[in-house]
Amino acid sequence: MTAVAASARPSASAPSAARTSDLSSALPVSFRGLRRTFGTGGSAHTVLRDIDFDVREGEVLAILGPSGCGKSTLLRATAGLDAPSAGSVNIGTTPVQGIDPRCAFAFQEPRLLPWHTLQANIAIGLPKSSSAKTGKAKVARLLELVGLDKFAKHRPREVSGGMAQRASLARALARNPGVLLLDEPFGALDALTRIKMQDLLLEIHAAEPTTVLLVTHDVDEALQLADRIVVLGKEPGREGDGATIVRTVVVPDERPRDRGSAELARMRSSLLESLGVEGH
Amino acid sequence: MTQLGNPDLTGNSVTPTSAHGLKATGVDVTTAGAAQPPAPDQGGSTPANGWSPAGVLEKGWARLLLGLLLPAALIGAWQWSTSAGLFSVVQLPPPAMVFEAAADLIQRGELGQHVAISTQRVLIGFAFGAGLGLAFGALVGLSRVADVLLAPTIGALRAVPSLAWVPLLILWMKIGEDSKVTLIMIGAFFPVFTTVSLALRHVDKNLVEAGRAFGLKGLKLLTTVQLPAVVPSVFSGLRLALAQAWLFLVAAELIASSMGLGFLLTDSQNNGRTDRLLLAIVLLAVIGKITDALLGVAEKWAVKRWA
Ligand SMILES: Nc1ncnc2c1ncn2[C@@H]1O[C@H](COP(=O)(O)OP(=O)(O)OP(=O)(O)O)[C@@H](O)[C@H]1O
Ligand SMILES: [Mg+2]
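Predicted, not measured: the structure shown is a model, and the values here were computed from it.

### Here we look at the sheet that holds strand β5 (residues 94–95) of chain A
Residues and elements named next belong to chain A.
Inference 1: Strand order in the open sheet formed by 4 strands is β2-β1-β4-β5, with antiparallel pairing between adjacent strands. Pairing within the sheet leaves two strands with one partner each, and these edge strands are β2 (45–55) and β5.
Inference 2: Pairing geometry for strand β4 (residues 86–91) and β5, over 2 bridges, is antiparallel. Bridging from a neighbouring strand, N90 pairs with P95 of β5.

Now the structure itself:
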């Protein structure tokens, strides 16, 4: 797999190809004492607690953690789709209150409107300010970038799950967001398409600065894409309390990185250990 | 059925066409589509040139002919029973007499009037009733406040049997068109209101959230996500409403009118004209079925477009 990766990756990218707009500026994100409890009274159950963290503008942050630990909840709080029970999220200098237009979300499921074509679905991501003409051109470019230009007029149910997921990614990219929230965006893709989409993400990130919060189950993906990785999990001794950031890892070296490097292999097994997977 | 050859619609042609996908990034994506072949198109499952019973049942003309079998048999039985003398002419006149009654009324120019005025009342009442049902259904389905404020009252009004409105409507609006159209509006309102408000409450929350995440709200969210999602339910509500509209039309015309198919019913009853009475019933059946079929065509189109 690493051999495929090395050959498939483009050389330090041609920014003009990936560029989808001229307007875009990455924004920093900060979490302050964030807690999220679902339910009240006896059925109350805390999912996230004491999240204190700063994401630099333009940084790619990967979020790892076991299933159900609250990764999606954290992204939803960042986008303003969910309100924290305590603490706050700030984007730039202003707190997130309600749905935040500076964010774009690629959900864990594609969530495309079944009665629209892929093209029309992607167009929903366009920022409000964009004119009809530039919007159309941008959607066409994005369709090409995610390899769906031949399927522009197809409905979501006429394409595969992986194709729908790419359309959902394109919809988020169409927004030129200050903060790009990606919830396992490559989960439904086969190994090769996944690597291509990861490379595409890096290209777009290089061409248009944006802060990326990327939730993933895949340690290799995190090591390949992120500047830093946080691991969400329960602290030993406080298992009943909800997950928090139990580890932060800075990934060295510029991207693209050599998937075979010994350093990454070491980090990989150490991260897997943090996630509770022994013996790798 | 003819879709087999259409590259845009069939699953198996999907794979090769994605070959140029990622050109712009300098990445070859030849196999990108191959890993997840989309589900095969359902429409392509009928054998292209083989004969199958299911295939014949799909054809429009065959369905029409088969659907007419039972009515033809009924007319046959009707004819037979009257010529065998099972019923007196007053109880059940033979088909030919009903036919003559129709010809007679057409000649006098009355039948067309009866049909026209009844159809007009149904269409106007249905349009306004369904429109209001859609508006209130949307309000109650989307807003918890409106739900709490309005739903109990509307539910109570719905419990009032249709005929109970008639004396009041006549008192308020006299025996003109208004009272009849209003009664039909009431009949058409509730099915649409109920189906739309219920359906809107059950729209996929994930889709609505995705819409909101991309800045849609209010009317724009309604027209982009919520209404399209309930189109199939809206149409089943509309078809129920149309049936109700015909029901309420007859109720209105039976009681107070000087024209229309309901009037033809009471008038014939009073004059002992069983032939005209049967004619009115047959006409109600036929026109009701035609309007429902027209709505069915619209429904088919809309479901295909929106679902
Ligand atoms: N609306 C809600 N009401 C009640 N509980 C919720 C709600 N949303 C999420 N939860 C709970 O929060 C926890 C974390 O959910 P979340 O979706 O954030 O997990 P996740 O880390 O994204 O998991 P996965 O990797 O499987 O996607 C789960 O235990 C879930 O039951
Ligand atoms: Mg999740």
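That shown, we press on.
### Some points on the site of ligand 1
All names here are of chain A.
Inference 1: Surveying the vicinity of ligand 1 reveals the residues F38, V47, S67, G68, C69, G70, K71, S72, T73, Q108, E184 and H217.
Inference 2: Between ligand 1 and the protein, one listed contact pairs an oxygen atom with a backbone N or O atom of G70 at 3.0 Å.
Inference 3: Protein chains shield 60% of the accessible area of ligand 1, which is 640 Å² for the free molecule.
Inference 4: Considering each element in turn, the shell around ligand 1 owes the most residues, 3 residues, to helix α3 (residues 71–79).
Inference 5: Class assignment of the residues belonging to the shell around ligand 1 gives a composition of 3 nonpolar, 7 polar and 2 charged.

### A short note on the packing of helix α9 (residues 218–255) of chain B against helix α10 (residues 261–271) of chain B
Residues and elements named next belong to chain B.
Inference 1: Orientation of α9 relative to α10, taken along the N-to-C sense of each, is 50°, at an axis distance of 7 Å. One finds that α9 runs oblique with respect to α10. Considering how the two elements wind past one another, α9 and α10 form a crossing that is right-handed. Residue-level inspection shows V250, E253 and L254 of α9 in contact with α10, the latter providing L261, G262, F263, L265 and T266.
Inference 2: Tallied by class, residues from the contact of α9 with α10 come to 5 nonpolar, 2 polar and 1 charged.

### Observations concerning the pattern of salt bridges
Inference 1: Taken as a whole, this structure holds 25 salt bridges over all chains when the rule is applied.
Inference 2: A salt bridge links R49 of chain A to E235 of chain A, with the nearest nitrogen and oxygen atoms 3.0 Å apart. Taken together, the positions of R49 of chain A in strand β2 and E235 of chain A in the loop between β9 (228–233) and β10 (244–250) put the pair 186 residues apart, joining distant regions of the chain.
Inference 3: We classify R49 of chain A as buried; its relative accessible area is 4%.
Inference 4: For E235 of chain A, a relative accessible area of 30% translates into the label partly exposed.
Inference 5: Here D292 of chain B and R239 of chain B are joined by a salt bridge, their closest N and O atoms 3.1 Å apart. Taken as a pair, D292 of chain B in helix α11 (residues 274–306) and R239 of chain B in helix α9 lie far apart in primary sequence, 53 residues in all.
Inference 6: Taken together, the salt bridges that share partners define one network made up of R76, E109 and R111 of chain A together with E209 of chain B.

### Some words on the pairing of strand β3 (residues 60–64) of chain A
Residues and elements named next belong to chain A.
Inference 1: Counting buried positions along β3 gives 5 out of 5 residues, so the element sits mostly inside the fold.
Inference 2: Where burial is concerned, the two faces of β3 agree: the one with V60, A62 and L64 and the one with L61 and I63 are both buried.
Inference 3: Where β3 and strand β8 (residues 211–215) come together, 4 bridges link them in parallel fashion. The residue of β8 that forms the bridge with I63 is V215.
Inference 4: In this structure, β3 lies alongside β9, joined through 4 bridges in parallel fashion. Considered in β9, the bridge of L61 is made with R228.

Cut-offs used in this document
- Residues numbered from 1 in each chain as written.
- Chains lettered and ligands numbered in written order.
- Predicted model: local features only at pLDDT ≥ 70, side-chain atom pairs only at ≥ 80, totals over all residues.
- Heavy atoms only, no water.
- Pairing = 2+ DSSP bridges.
- Helix = DSSP H or I, 4+ residues; strand = E, 2+ residues; numbered from the N terminus.
- Near = heavy atom within 4 Å.
- Polar contact = N/O pair within 3.5 Å; in protein donor to acceptor, adjacent residues only side chain to side chain.
- Areas by Shrake-Rupley, 256 points an atom, 1.4 Å probe, with all protein chains shown as cover.
- Nonpolar A, V, L, I, M, F, W, Y, C, P; charged D, E, K, R; others polar.
- Axes fitted to C-alpha atoms, helices over the stretch in contact; angles between N-to-C directions.
- Parallel < 35°, antiparallel > 145°, perpendicular 65-115°, else oblique.
- Left-handed = near helix turned anticlockwise from the far one by under 90°.
- Contact = heavy atoms within 4.5 Å.
- Salt bridge = Lys/Arg side-chain N within 4 Å of Asp/Glu carboxyl O.
- Buried < 20%, exposed > 50% of the residue type's maximum accessible area, 1.4 Å probe, protein only.

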